[in-house]
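Structural overview
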Amino acid sequence: MRLTIIGVINVLLPLFFISCIVALLFIWIGERSKHRIIQKSFRIYAGLFTILTIVLFMMSFNELKPTIQTNIQHALHPRKSESQTETKLTTEYDIKGAVLLEAPLVKQLPELPRGCEVTSLAMLLGYHGIEANKLDLAKEVKKDSSSYKEIGEEIHFGNPHDGFVGDMYSFDTPGLGVYNEPIEDLLKKYVDPAKINNFSGGAFEEIIQQLNQDRPVWVIINGAYDRLPDSSFTTWQTKSGPVRITMREHSVLVTGYDDRYIYFNDPLAQDSKAPIDNFRNAWEQMGKQAMTIK
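Here's a quick rundown of the structure.

Moving on, we come to the nonpolar core. Among the nonpolar cores identified, the biggest contains 35 residues, and Val118 and Leu121 are the most heavily contacted of them. Those elements that provide at least two residues to this core are α4 (116-127), α5 (134-140), β5 (164-165), α6 (180-187), β7 (217-222), β8 (233-237), β9 (243-246) and β13 (290-293). Among the elements that make up this core, the one with the highest residue count is α4 (six residues). In this structure, Leu121 is in contact with Leu137, Ile183, Leu186, Leu187 and Trp218, ignoring residues within four places of it in sequence. Counting 22 residues, the second largest nonpolar core, distinct from the first, contains Val99, Ala274, Ala282 and Trp283.

Another aspect to go through is the sheet that holds strand β3 (residues 149-151). Strand order in this open sheet of four strands is β3-β4-β8-β9, and the pairing throughout is mixed. Two strands close off the open sheet at either side, each with one partner strand: β3 and β9. Across the sheet, the mean angle separating the axes of adjacent strands is 45° when strand polarity is ignored. The pairing of β8 with β9 spans four bridges and is antiparallel. Bridge pairing in β9 links Trp236 to Val243.

Look at α4: 17 Å from first C-alpha to last across 12 residues, which is about the 16 Å you get at 1.5 Å a residue. Among the 12 residues that make up α4, 10 are buried, leaving the element largely enclosed by the rest of the structure. Buried residues of α4: Cys116, Glu117, Val118, Thr119, Ser120, Leu121, Ala122, Met123, Leu124 and Leu125, and no others.

Here we come to the packing of aromatic side chains. With the rule as written, the count across this model stands at seven aromatic pairs. Relative to Phe279, the ring of Tyr225 lies with its centre 6.4 Å away and its plane at 5°, an arrangement referred to as stacked. Of this pair, Tyr225 sits in the loop between β7 and β8 while Phe279 is found in helix α8 (residues 276-285), placing the two residues 54 residues apart along the sequence. Here the two residues Tyr225 and Phe279 agree in accessibility, since each one is buried. One aromatic cluster is present, built from ring pairs that chain together Tyr148, Phe157 and Trp236. Over the ring of Phe233 we find Arg244, and its NZ or CZ is 4.1 Å from the ring centre. Seen from the ring of Tyr261, Lys273 lies directly overhead, with NZ or CZ sitting 4.2 Å from the centre.

A word on the environment of Gly202. By the secondary structure assignment, Gly202 is in the loop between β6 (196-198) and α7 (205-212). Residues Gly202 and Gly287 lie 85 residues apart in sequence; the distance between their C-alpha atoms is 9.5 Å. Setting aside its immediate chain neighbours within four residues, Gly202 contacts Trp283 and Lys288.

Criteria and cut-off values
Residues numbered from 1 in each chain as written. Predicted model: local features only at pLDDT ≥ 70, side-chain atom pairs only at ≥ 80, totals over all residues. Heavy atoms only, no water. Core = buried A, V, L, I, M, F, W, Y, C linked by side-chain atoms within 4.5 Å. Buried < 20%, exposed > 50% of the residue type's maximum accessible area, 1.4 Å probe, protein only. Helix = DSSP H or I, 4+ residues; strand = E, 2+ residues; numbered from the N terminus. Contact = heavy atoms within 4.5 Å. Pairing = 2+ DSSP bridges. Axes fitted to C-alpha atoms, helices over the stretch in contact; angles between N-to-C directions. Expected span 1.5 Å × (residues − 1). Phe/Tyr/Trp six-rings, centres within 6.5 Å; stacked < 30°, edge-to-face > 60°. Lys NZ or Arg CZ within 6 Å of the ring centre and 35° of its normal.

Read these as geometric descriptors, not functional statements.
Here is the structure:
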């Protein structure tokens, strides 16, 4: 439950007034006594109680301070409505109504726990009428055979830009996945290289434009379909240099959009859409990797 400023006042002010009444009660009891020691004792009790109350008051206030600041910020800077967001997205990405392409949904499990990239590639090929079994693609994709090693605080392993890293078939041994370059090399075995459009590193708008031309797009994303915190990433030392990776790396086939969402075929069959801005942020964070067939 979100606390409001009024709620904070309703909690703290009664506490303050009660403490004042108790302190005065101590003083009154002390004054009615004929013994100075008792009078002095109750005055000390009143003083200590007042100090304790002030300390508790300040501690409570500090605990609630972030909530107060957040409420003030929300009041001064209210969030945009969904209609405002949709208008911005329509202008920014040249969205034309909605596009939703029918591509085959291929599931990576149970055979390929780490095979989301080749499974998404199988869906892309299937859309274009090219038969490609995910298990064959898994065997054919280039591999980085580097062994997993921990040297001090550093992890030494493979580079997904060079080939598939680790074990694709089981989580019992180390592994990660593969990026766009080895996937493009694999795709060349199935289609004319001139028909491959690997626009990795380009703008997000290019994904929208490809969908406008009825071309689903293979992408590298993450399993949250939103920007991840820096704590989700680490750096591996590889034969071709350091590479920043996250174990939440994922791949899907983007199949459409409307004025609010990006739609996709998820090899894990867990999700089918994500808010456009969230998806874009995740895609950009993962290196802007995207590919399609002309």
